[in-house]
Amino acid sequence: MEKEFTPKIVGFCCNWCTYAAADLAGTSKLKMPSSLAVIRVMCSSRIDPTLILRAFLRGADGVLLAGCHPGDCHYEKGNYYARRRFVLLKSVVETLGLDSERLQLSWIGASEGPRFQQVVTKFTEKIKKMGPNPMLEKISL
């Protein structure tokens, strides 16, 4: 019997909104896949693009960037910077030979625990259908 593929997903979550939503989802005991490894950052704009690429190079099957809704950023314009960087990163990911759908950006407010659960669940299902990170076959770690 073949073992079911469980994706490895790295989630960079804004401290002020998305991380709080993740905490709310957890304390509300909402069922979520265990595939997400959360990394708390102060703002979605503070995620260095090389960290995202490094996550893929080290075996992540998907990367989720999540922050405050536009206009609600604790640092005023941080999520606008994140959105611009995300668009560029999508093309870099494709240049590396990965499907750009393996990288997702979501806006999740602090009170949106159920939305956090929904985003993580849908993204995990999408990555499951895509299969393991094909980049791992091309490089030796």
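For the structure, check the block above.
What comes next is a walk through the structure. Since the structure is predicted, the reported quantities are computational estimates derived from the model, not experimental observations.

Some words on the sheet that holds strand β3 (residues 62-67)
Step number 1: Spatially, the four strands line up as an open sheet ordered β2-β1-β3-β4, and their pairing is parallel. At either margin of the open sheet sits one strand with a lone partner, and together these are β2 (36-41) and β4 (103-107). Pairwise comparison of adjacent strand axes, ignoring direction, gives a mean angle of 20° for this sheet.
Step number 2: Sitting on the sheet, helix α1 (residues 18-27) is in contact with β1 (9-14), β2 and β3, with an inclination near 115° to β1.
Step number 3: Of the strands in this sheet, β1, β2, β3 and β4 touch helix α4 (residues 113-130), which is tilted by about 165° from β4.

Description of the packing of aromatic side chains
Step number 1: Taken as a whole and judged by the stated rule, the model has zero aromatic pairs.
Step number 2: Note that R40 overlies the ring of Y19, its terminal NZ or CZ placed 4.3 Å from the centroid.

Conventions we followed
- Residues numbered from 1 in each chain as written.
- Predicted model: local features only at pLDDT ≥ 70, side-chain atom pairs only at ≥ 80, totals over all residues.
- Heavy atoms only, no water.
- Pairing = 2+ DSSP bridges.
- Helix = DSSP H or I, 4+ residues; strand = E, 2+ residues; numbered from the N terminus.
- Axes fitted to C-alpha atoms, helices over the stretch in contact; angles between N-to-C directions.
- Contact = heavy atoms within 4.5 Å.
- Phe/Tyr/Trp six-rings, centres within 6.5 Å; stacked < 30°, edge-to-face > 60°.
- Lys NZ or Arg CZ within 6 Å of the ring centre and 35° of its normal.

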